[in-house]
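Structure at a glance
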Amino acid sequence: MTVHFIGAGPGAPDLITVRGLTLLRRCQVVLYAGSLVPPMILDEAPAGARIVDTAPLDLDAIIAEMQQAAAEGHEVARLHSGDPSLYGAIAEQMRRLDRLGIPYDVTPGVPAYAAAAAALKQELTLPGIAQTVILTRTAVRASSMPDDERLEQLAAGGGTLAIHLSINNLANVTRALIPHRGAGCPTIVAYRVSWPDERIVRGTLGTIRDKVKALGLTRTALILVGQALDAPEFDESQLYDPAHHHVLRPRKKA
């Protein structure tokens, strides 16, 4: 018996990995993260599987489901949205399982920032513009942020910001970033990326809040901030430059 933590991807049912889907199809118990996991993925569970929405459950109740499955010798698919390594709260679940001696493994998934970049048909890193992507969030009702991870500090270093779980905190986000990035800094809100009702809202730090407010977007959205989001002119990568050589592309003979 094993508990399989599986990244279900950003929303589209075909963005779960082959490995994740294979594991799901053999598990007799499926625990999933509420409305963040599309029903079409749950349809892949075996006939007769116990399927539990964990949104209303606390940690003790979730672990109790895993313990019951272990006692019955049933494998568990623990479906998390996106990639479970980002804000998936799997560390505390794995710590409990370690104490109980219940084996588990982790299967990665497509994270929201990657799905957003694909929907935008853009790179988040561009030569000469940005070579760093910072994944972060802000604190509203969730766990507090460490003192040295405040947006003001992260923004000062440049790069592209991918701010999770913060759409309801957008006013504070723009207020914190404008002094460092400027009101004209390109900003995008990607709402329910890869779902049928996906929306992409483009603007700047100075305009994005009003645009999002007008649309009534209040959850399941990623905030992207940085010059790479709107940079028609940028240097070409050295990777494919004719003068660039490496072990798989030896220097051309004169």
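Our structure is the block above this text.
What you are looking at is a predicted structure, and each value in this text was computed from that prediction instead of being measured.

Describing the nonpolar core
L161, I163, L177, V189, V212, I223 and V225 are the most contacted members of the largest nonpolar core, which totals 22 residues. Elements with a minimum of two residues in this core: α6 (151-155), β7 (160-164), α7 (170-181), β8 (186-191), α8 (208-215) and β10 (221-225). Looking at this core, the element that brings in the most residues is α7, giving four residues. Dropping the residues within four chain positions of it, L177 is found in contact with L151, A155, L161, I163, G182, L205 and V225. In this structure, I6, A8, Y32 and L79 belong to the second largest nonpolar core, which totals 17 residues.

Some thoughts on the pairing of strand β2 (residues 29-32)
The two faces of β2 match: V29 and L31 on one face and V30 and Y32 on the other face are all buried. As paired elements, β2 and strand β3 (residues 50-53) share four bridges and run parallel to each other. Note that in β3 the partner of L31 across the bridge is V52. Relative to strand β4 (residues 76-80), β2 is paired through four bridges, and the arrangement is parallel.

Side note on the pattern of salt bridges
For the structure shown, the criterion picks out six salt bridges. E152 is the salt-bridge partner of R150, the closest N and O atoms lying 3.5 Å from each other. Under the relative-accessibility criterion, R150 is labelled partly exposed at 43%. Since its relative accessible area comes to 29%, E152 is described here as partly exposed.

Comments concerning the sheet that holds β8
Strand order in the open sheet formed by five strands is β6-β7-β10-β8-β9, and the pairing between neighbours is mixed. The two strands at the open ends of the sheet, each matched to only one other strand, are β6 (133-137) and β9 (199-204). Averaged over neighbouring strand pairs, the angle between their axes works out to 20° when direction is ignored. The pairing of β7 with β10 spans three bridges and is classified as antiparallel. Bridge assignment links I163 to a residue of β10, and that residue is I223. Against the sheet, α8 engages β8 and β9, with an angle of about 150° to β9.

The rules behind these values
Residues numbered from 1 in each chain as written. Predicted model: local features only at pLDDT ≥ 70, side-chain atom pairs only at ≥ 80, totals over all residues. Heavy atoms only, no water. Core = buried A, V, L, I, M, F, W, Y, C linked by side-chain atoms within 4.5 Å. Buried < 20%, exposed > 50% of the residue type's maximum accessible area, 1.4 Å probe, protein only. Helix = DSSP H or I, 4+ residues; strand = E, 2+ residues; numbered from the N terminus. Contact = heavy atoms within 4.5 Å. Pairing = 2+ DSSP bridges. Salt bridge = Lys/Arg side-chain N within 4 Å of Asp/Glu carboxyl O. Axes fitted to C-alpha atoms, helices over the stretch in contact; angles between N-to-C directions.

Remember that the coordinates give geometry; whether it matters functionally is a separate question.
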